[in-house]
Amino acid sequence: MSNENTSMSQLFDTFQKSLDAHHDKRERLIKSVRTTLGGKDMEDAIAKQQDILALIRKVSNELNGPDYYRYIKSVSPGLEEFIEAAAFLEFIKNGSLLTPDKLQTQFAVAEIAETFFITDSDYLNGIGDLTGELMRYAINKIGAGEPESAILVCHFMQQIHEEFEVINAISPSAVSKKLQVMKASLTKVEQACYSCQIRKVEQSANSILPQKRVALSP
Amino acid sequence: MAQIEHKVFEDIQLRLEEEAVVKDELRQIVRELDRATRVQIANLNRVHANPTGPVPKVDFDVLREQLQKLDKLVSESQYYKYCDIWRNTLQQILFLVAFSTYLKYERLPTVIEFEEALKLKVDIQNELLGLHIPYEDLLHSYISVANELSRLAVNSVTNGDYQRPRKISNFVKELMAGFQLLNLKNDNLRKRFDGIKYDLKRIEEVVYDVSLRGLTKD
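Residues numbered from 1 in each chain as written. Chains lettered and ligands numbered in written order. Predicted model: local features only at pLDDT ≥ 70, side-chain atom pairs only at ≥ 80, totals over all residues.

## Some points on the overall build of chain B
Helix and strand content of chain B: 8 helices and 2 strands. The helix and strand sequence of chain B, counted from the amino end, reads α-α-α-α-α-β-β-α-α-α. Relative to the compact-globule value of 17 Å for 218 residues, chain B shows a C-alpha radius of gyration of 22 Å, a clear excess of over 25%. In chain B, the share of contacts with a sequence separation of at least 24, taken over all contacts with a separation of at least 6, comes to 70%. (Helix = DSSP H or I, 4+ residues; strand = E, 2+ residues; numbered from the N terminus. Rg over C-alpha atoms; globule rule 2.2 N^0.38 Å. Contact = placed C-beta atoms within 7 Å.)

## Some remarks on the domain arrangement of chain A
All names here are of chain A. Considered domain by domain, chain A is made up of domain 1 (21-118) and domain 2 (121-204). Taken over C-alpha atoms, the centre of domain 1 sits 24 Å from the centre of domain 2. Listed as interface residues are 10 residues of domain 1 and, on the opposing side, 9 residues of domain 2. Broken down by element, the residue count for the side of domain 1 that touches domain 2 peaks at 8 residues, all from helix H3 (residues 67-94). Taken together, the residues of the side of domain 1 that touches domain 2 sort by class into 7 nonpolar, 1 polar and 2 charged. (Domains from an automatic or database assignment. Nonpolar A, V, L, I, M, F, W, Y, C, P; charged D, E, K, R; others polar.)

## Focus on the packing of helix H4 (residues 87-105) of chain B against helix H6 (residues 135-158) of chain B
Residue and element names in this part refer to chain B. Following both chains from N to C, one finds H4 and H6 inclined at 55°, their axes separated by 8 Å at the closest point. Regarding the angle of H4 to H6, the classification is oblique. For the pair H4 and H6, the sense of crossing is right-handed. Here Leu90, Gln91, Leu94, Phe95, Ala98, Phe99 and Tyr102 of H4 come into contact with H6, specifically with Asp137, Leu138, His140, Ser141, Tyr142, Ser144, Val145 and Glu148. For the contact of H4 with H6, the residue count by class is 9 nonpolar, 4 polar and 2 charged. (Axes fitted to C-alpha atoms, helices over the stretch in contact; angles between N-to-C directions. Parallel < 35°, antiparallel > 145°, perpendicular 65-115°, else oblique. Left-handed = near helix turned anticlockwise from the far one by under 90°.)

## Some words on the interface of chain B and chain A
Listed per partner, the contact involves 31 residues of chain B and 37 residues of chain A. Contributions of two or more residues to the side of chain B that touches chain A are made by helix H1 (6-44), helix H3 (79-82), H6 and helix H7 (164-180) of chain B. Residue contributions to the side of chain B that touches chain A peak at 8 residues, all from H1(B).

## A closer look at the nonpolar core
Ranked by internal contacts, the top residues of the largest apolar core, which has 53 residues, are B:Leu94, B:Ala98 and B:Tyr142. Among the secondary structure elements, those contributing two or more residues to this core are helix H1 (2-34) of chain A together with H1, helix H2 (60-73), H4, helix H5 (111-118), H6, H7 and helix H8 (188-212) of chain B. By residue number, the principal contributor to this core is H6(B), which donates 10 residues. Residues in contact with B:Leu94, not counting those within four places in the same chain, are B:Phe114, B:Ile133, B:Asp137, B:Leu138 and B:Ser141. (Core = buried A, V, L, I, M, F, W, Y, C linked by C-beta atoms within 7 Å. Buried ≥ 20, exposed ≤ 12 C-beta atoms within 10 Å, placed from the backbone.)

## Side note on helix H6 (residues 147-170) of chain A
Taking 1.5 Å of rise per residue, the 24 residues of H6(A) would be expected to cover 34 Å, and the 35 Å separating its terminal C-alpha atoms lies within 8% of that figure. Of all the positions in H6(A), only A:Ala150, A:Ile151, A:Val153, A:Cys154, A:Phe156, A:Met157, A:Ile160, A:Glu163, A:Phe164 and A:Ile167 are classed as buried. (Expected span 1.5 Å × (residues − 1).)

## Section: H5(B)
Residues and elements named next belong to chain B. Looking at H5, one finds that the buried residues are Phe114, Ala117 and Leu118. The buried side chains of H5 occupy one side of the element, clustering within an arc of 80° when seen end-on. At its buried positions, H5 is contacted by H2, H4, strand E1 (122-123), strand E2 (133-134) and H6. Positioned one or two residues after H5, lysine 119 has a phi angle of 55°, which is positive. (Arc of directions from axis to C-beta.)

Here's what the structure looks like:
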């Protein structure tokens, strides 16, 4: 009996250490990723981007070999948030889409471990969230009296939406959730651009009419 | 207006399709493995109908063969990418090893016995590549043993074996003590561990009933 007792506690002893190591690592990663969240002002966005890249570098050193897929789920939310912000910055600076290649280049410049890469699902989720941000941006542009930039954003979003629809047709699990939200954002921007256009036509019609009346009156 | 690069999404699409093929292949093998496992579990569970009889034989050869097939498909660093596909089945197989060892020797198998039974390594140090047994899954299998033992206690008495429930009770108490050494986090393992106390309660009720009626000789 006592013999059995010791073997049982020995068995659990070995597990204890491994289990603790596993939980520690998971929590450490989640914690460092959480600090990457919420860095979204345009002001010194680039400086902030460097800070975040430094954090990702730290994380990347812990995700070697089999650990990558084991812990990436803990890191993904932060990565997606980063991709969203970086893609938004890229759009505002250059009006173009942040591609995975460009991201990987950013990573290389920031000396992030070569083994670390962005999964397709992280990329798609990040770009999916980007459209929500673009929606807010477009609506604000309309509010600021720049409907032309809103229409540019609208076209950009339409293209992304098209691509997502194609992917959704083939592997729905990858994007279906994002696609619904994206559709809602896109409809909102399209509707806003439409209203702007109607108002513009109306305004110009109104401004022409009185002139005509003046011309006709004598 | 910058056109977004269609190729980016085309590439993602291709990769998603490739991944889907790999997953299908894995699922197919796991389905066969699962079926074979269920047959063996049904075999072993005959012990409940005849607790005093010989321990039912489990044919591990079939399972080992299928596990080898699975091993060939799991690429080195991608264990955790796909492990959700086989995790449940693997836990069931580990339960088979643990429960049949208990029935034979009234103790849990050692890590080495697990490894020999399935020809797979147990990952104690969080470091193994390829198909292996995560130690968490061993812990899950212990809990399944406790679940099954509460049935066995009841059925032993029905079959006139009044000594066994007390042995089972001592064993499960020790097992619980072992688990209490671990720092469990709020995850599935914890939930299942919390369930052991209901198994223990059932077992203790059986022991109480039997000793109240003077059926156990001290």
